[in-house]
Amino acid sequence: MELRSRVPTGPLEGKWERHKFEMKLVNPANKRKYTILVVGSGLAGASAAATLSELGYNVKCYCFQDSPRRAHSIAAQGGINAAKNYQNDGDSIYRLFYDTVKGGDFRAREANVYRLAQISVTIIDQCVAQGVPFAREYGGLLSNRSFGGAQVSRTFYARGQTGQQLLLGAYQALEKEIANGGVTMYPRTEMLDLIVVDGRARGIVIRNELTGKIESHLGDAVVLGTGGYGNVFYLSTNAKGTNTTAIWRSYKRGAAFGNPCYTQIHPTCIPVSGDYQSKLTLMSESLRNDGRVWVPKKQGDKRPPHEIPEAERDYYLERKYPSFGNLAPRDISSRSAKEVCDEGRGVGETALGVYLDFADAIKRLGEASIRERYGNLFEMYQRITDEDPYKIPMRIYPAVHYTMGGLWVDYNLMSTIPGLHVIGEANFSDHGANRLGASALMQGLADGYFVLPYTIGDYIASAKLAPVTTDHPVVRSTEADVTERTKRLLAIKGKRTAASFHRELGKIMWDNCGMARNEQGLKRALKEIPALREEFWENVNVPGASAELNQSLEHAGRVADFLELGELMCLDALHRTESCGGHFREESQTPDGEALRDDEHFTYVAAWEYAGPESEPILNKERLIFENVKLSQRSYK
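Criteria and cut-off values
Residues numbered from 1 in each chain as written. Predicted model: local features only at pLDDT ≥ 70, side-chain atom pairs only at ≥ 80, totals over all residues. Heavy atoms only, no water. Helix = DSSP H or I, 4+ residues; strand = E, 2+ residues; numbered from the N terminus. Core = buried A, V, L, I, M, F, W, Y, C linked by side-chain atoms within 4.5 Å. Buried < 20%, exposed > 50% of the residue type's maximum accessible area, 1.4 Å probe, protein only. Pairing = 2+ DSSP bridges. Axes fitted to C-alpha atoms, helices over the stretch in contact; angles between N-to-C directions. Contact = heavy atoms within 4.5 Å. Parallel < 35°, antiparallel > 145°, perpendicular 65-115°, else oblique. Nonpolar A, V, L, I, M, F, W, Y, C, P; charged D, E, K, R; others polar.

Description of unusual backbone geometry
A positive phi angle, near 55°, is found at N85, a position not held by glycine. Unusually for a residue other than glycine, D198 sits at a positive phi of about 55°. When you line up the elements, D198 lands in the loop between β7 (189-197) and β8 (200-208).

Notes on the nonpolar core
A general tendency of soluble globular proteins is for nonpolar side chains to be buried together. In this structure, I80, L224, L420 and F536 are the most contacted members of the largest nonpolar core, which totals 172 residues. Among the nonpolar cores identified, the runner-up in size contains 9 residues, and L192, I214, V475 and V482 belong to it.

Thoughts on the sheet that holds strand β9 (residues 214-218)
Read from one edge of the open sheet, 3 strands run β7-β8-β9, paired in antiparallel fashion. Either end of the sheet is taken by a strand with one partner, and the two such strands are β7 and β9. The average angle at which neighbouring strand axes cross in this sheet is 30°, direction not considered. One ladder, built from 5 bridges, connects β8 with β9; its direction is antiparallel. Across the sheet, residue G203 finds its bridge partner in β9, namely L218. Those strands touched by helix α13 (residues 473-491) are β7, β8 and β9, and its axis lies near 140° from that of β7.

Quick notes on the packing of helix α6 (residues 162-180) against helix α12 (residues 440-463)
Where α6 meets α12, the axes come as close as 11 Å, and the angle between the chain directions of the two elements is 10°. Compared by their axis directions, α6 and α12 come out roughly parallel. Residue-level inspection shows T162, G163, L166, G169 and A170 of α6 in contact with α12, the latter providing L441, L445 and Y449. Within the contact of α6 with α12, the residues separate by chemical class into 5 nonpolar, 3 polar and no charged.

Structure below.
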């Protein structure tokens, strides 16, 4: 497999502008002749579908929810980064670029990250014009707050519901285009396979979740904006419906999967409280602006937090990383929390938790100020835990959050299958081995509003596509594959639920490919996962029928894909014997316990190629070349 990154030549600052000029264009009168299928309607999908329709393309947009407003993007809390330097504190496009490359432990393409930093400035103007109610200073100017991994305040926010407000902006743009006839919306629809004709992505096979009807939809290009695969761990901060099916089925049709082992553990989540839980709740990283993280200095200290004096508290992030303190990056903060809990100093009934304490901030700023900044987050925490964080420190613990891996894409956001474009969290492109906070919303909107609308036109103008109809042999065979897979799941009639397999897989993944990985654990997982998958196909019980609303069938298909993806993630983690960002190999660390990269052997993107059901996937490598930043050991001390 050839990996052509298509990164433009020339100075970093001018690559994107020059590339936009050099790309081929589609005549405005001709755009209405082309149909683009957009799968997913979160920030990336909705912004892409709306913008492509505004340009004149015929767009079909698909989501498995009942409305685009229910996309998981709505759950993002803390903010969106942009290098506007409103605070006059030294920010710039280059600093945002550098912070992002460094935060990702130097495992991302320079050109992609710089483009993201450039576009960040425009995103804010776009969203303000849409009416997104960003927080403002007393004089009316947009407000900013700081986030982990940066020493400047560049994060724009709308209380603790930034994702919701940004999604409503994109949703309104999408609804306008639906009303104008440019977008046809297909809610309650799940993509189950990719149609590849003559080596190009030409359509998708879908299942109507209400009727069970399976049918093919064809177009001139396919865009996947289907989010991440964190639910492979069963417990994560993702919505329960979030899955890997669209990108996984595309991988099996020939799209390379980039860096699958790069998953982010978020340090600020409400701890697990029992086996009954099906997901975890995120507490925004913005809380670490004013909250101080600490644990008791003594092991097994079970006193209530107000009875532990200052001298007996360990503010471990402030102690270990004085330059960044409580705003150390997510991977470092998560591992630090794990370390103190492993030492027996964790808090709460399970001892798997640390305190996030706002007492000093309330004393310094007043409760009203804290309520204005974080009120809805505090309310959510109190409803879940029945503890008042204005009076008692929050208890937090790391949890699976975001996946930096995803389908490999070039500079134009196109996968190794021509015509298949991948945007937002579904691709691997911008975050390297660790995503800085408030960058997910930035990437999703940059891809959808400002990158894909240019690059997909270049593909369409260059491809010279022949018409394809639903009676094409490839279309029929792909549809038949989906139908056969559905029948097979329903025919097993075993004794275990899909959820029980999902939970067991999640434990294997968390124990062996979670916050820390080692060779022994990964090899153990690579034995346990195939055995679990074999049992799944012999013993899963999927009630109901295919031609009806059947959420058990939907879940079973997604779990089947997770059981295959989990193995690839462990293979990728096993081969990468360095530590970088969220991928922490215990065998590769500095004397003081920090991640130790191996730039000589691993400065590349691992792009895995599907080789068949009985064959080990093929590892392809895209070399990462750094011309503008110096590779160095990350330090936040």
